[in-house]
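Structural overview for review
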Amino acid sequence: MNSYYRILSYTKPYWKHIGLTFVFTILFAILNGVSVYLTIPLLDTLFQDPASNQNISQTSSITSSSSFLPDWIISIKDDIVNTFNTYILTGDKIEILIKICSVILVAFLLKNFFSYMQSYFMAYVEFASMKDLRDDAYKHLHKLPIGYFKSERVGNLISRFTNDVNIVQSSISATFSNLIKEPLTIIVFLAITISISWRLSLFAFIIVPAASLIIAWIGNRLKKLTVVLQTKLAEITSILQETISGVKIVKAFGMEEFENERFKRETKNYFKMVLRTVRTRNLSSPITEILSIIIGVVIIYYGGILVLVDKSLNASQFLGFLFAIFQMMPPIKELGSVNNRIQEASAAADRIFEIIDTEPHIKNAPDAVTLNEFKEDIVFDNVSFKYSDGEVNVLDNVSFTVKRGEIIALVGPSGGGKSTLADLIPRFYDPTDGSILIDGINLKHLTVESLRSKMGIVTQETFLFNTTVAENIAYGLTDYPMEKIIEAAKTANAHNFISEMPQGYETVIGERGVKLSGGQRQRLTIARALLKDPSIMIFDEATSALDNESEILVQEAIERLMLNRTTFVIAHRLSTIRNATNILVLDRGRIIQRGTHEELIAEEKGLYKKLFEMQFRDNND
Ligand code: ADP
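Attention here is on the structure that accompanies the text.

So, on to helix α11 (residues 315–357). Between its first and last C-alpha atoms α11 spans 62 Å; for 43 residues at 1.5 Å apiece the expected length is 63 Å, and the two agree. The sharpest bend along α11 comes to roughly 35°, located at S337.

In the Ramachandran plot, R427 falls in the positive-phi region, its phi being about 60° despite a non-glycine side chain. Mapped onto the elements of the fold, R427 is located in the loop between α12 (418–424) and β4 (433–438). Judged by its relative accessible area of 4%, R427 falls in the buried class. At D439, a residue that is not glycine, the phi angle is positive and equals roughly 50°. Tracing the chain through its elements places D439 in the loop between β4 and β5 (441–442). Note on D439: relative accessible area 23%, which makes it partly exposed.

Here we come to the site of the ligand. Taken together, Y387, D389, V394, P413, S414, G415, G416, G417, K418, S419, T420 and Y429 make up the full set of residues adjacent to the ligand. Residue Y387 places a side-chain N or O atom 3.3 Å away from a nitrogen atom belonging to the ligand. A distance of 2.9 Å separates an oxygen atom of the ligand from a polar atom in the backbone of K418. Out of a free accessible area of 560 Å², the ligand has 63% covered by protein chains. A class-by-class count of the residues in the shell around the ligand yields four nonpolar, six polar and two charged.

Bridging between strand β1 (residues 377–385) and β4 involves five bridges; their strand directions are antiparallel. Bridging across to β4, F380 finds its partner in I436. Bridging between β4 and β5 involves two bridges; their strand directions are antiparallel. Each bridged residue has a counterpart across the sheet, and for L437 the counterpart in β5 is N442. Counting the residues between successive antiparallel strands, the hairpin from β4 to β5 contains two residues, one of them, D439, with a positive phi of roughly 50°.

Conventions and cut-offs
- Residues numbered from 1 in each chain as written.
- Predicted model: local features only at pLDDT ≥ 70, side-chain atom pairs only at ≥ 80, totals over all residues.
- Heavy atoms only, no water.
- Helix = DSSP H or I, 4+ residues; strand = E, 2+ residues; numbered from the N terminus.
- Expected span 1.5 Å × (residues − 1).
- Bend = angle between axes of the 7 residues up to and from the residue.
- Buried < 20%, exposed > 50% of the residue type's maximum accessible area, 1.4 Å probe, protein only.
- Near = heavy atom within 4 Å.
- Polar contact = N/O pair within 3.5 Å; in protein donor to acceptor, adjacent residues only side chain to side chain.
- Areas by Shrake-Rupley, 256 points an atom, 1.4 Å probe, with all protein chains shown as cover.
- Nonpolar A, V, L, I, M, F, W, Y, C, P; charged D, E, K, R; others polar.
- Pairing = 2+ DSSP bridges.

Here is the structure:
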């Protein structure tokens, strides 16, 4: 429930629009009542002689004075009735008919206009506050640690931004519309019915809400069943997906029968649920109709007695009363489901606020200083690291020093901790133990922005944004001169293929744009890093199969990028390894060997020599 109030707090900046929504809601409700009320004189005009019109309005005011309404309301009502009598109910029958029809027309026009305005302002509040909520959550997303974005969470996170926000959005209209508009409509019709006959009203108010609530209950049950149905269907889909993608395994292990049984079990469950839903759904409309008819018949009977025997009501008032009663049913039904919608929205809001409330671990310390320039060295001092959901240390007491301008190659078997080590340098994670110092200052005491601004990162997953080549190269740099962009592209061996694109540097690439080859994408990301001109480069060399020419071009680009920088590279190419000042061999989170290529290859029993023979000998240099 707390999250629900928190959602409502997002509507606060739009209080003016909410105010207007209120005003139009009130006007709508009144006009809605008036348009129904007008049926009484209309019926009188059609079925009785004009003279008795006077009687009717008098009767209705007599009836109302015998009700429990306060005097001032009765006097206002009498004034309105009198004015109405004087201006509308005078003249011959046709004249009266024309006048009443005109009034009805105006009343309906106004009612619809107010309804339109009310919906507009309501939608404004809804969409504006949800825009703010999305923006808040998105802004917070950038503060969250890399670990938060594990691949299995991505779909889940996206769904929070789309589905959950939509559910929350609908709860805003549920609040303002259902909790304000519907009660107001009910009150207006209540006033009408009571003013016509309080005895009949009292009678109706016992049976109408009861029936409406039964109808609402069926609706809610149907909704719940639909949700269950969807989860069951999702289970079937996931079995299907598993079987199709794992078809080799299923066949190899002779598991066809087992999978058949599993599938049959799920389809049977689904079938049962479908039947239940169908039963409820098919029952809902006859039940609704039967209930409405019962209400109608009972009220008609009792009303008929009041008209025929008691004579406290005349026929047109009675019909007006019936109209009013039936107008009240939908709002009562809506009110019955409002609690559900709010509950649903609270659950959705919880999921969104979970993002906003996740504390970023990596943030600037209060006394953080700016790193102006990287001058001396980077020191790993007994660094250990464990992922929050992991059990063992992925890095274990790692210590080494890198001097400015050196190239450090990280090699080792897969899962050894190379990427993790590289991720600690830009502070994507903080060490669990030990410290990393840059020019003698612990990374934790530097502002994250100043630290990251000194670094360039090129990974195997080249990421290009859905925008022009030039903007992709100059990502994060505003107003960059074109010459510099071209210069970077040339150094990265990318200028030639860019020039051949339809609009050169202005060609849109990425998801919806021109498709690029792996090598071209890599050269673009290298150009991006070159333009940023960072003093520290972190590299995850691609092993992906590039064709020979591409490989040479990429290699050249990489070597130029490393020039005059301090480079950490997860090395896969022999040339890089040969050029490295120092090679660290990482196995199960420990540095088990270190030295230059020549030194390491000389260690006959070392892992490096083995790795080298397995991994690098075949790679052409
Ligand atoms: P390498 O780059 O040498 O292949 P990694 O640094 O990627 O090694 O991984 C080292 C170990 O940490 C592996 O056992 C891997 O399963 C684990 N690991 C990597 N990323 C995560 C993560 N985000 N959460 C939990 N464990 C992880």
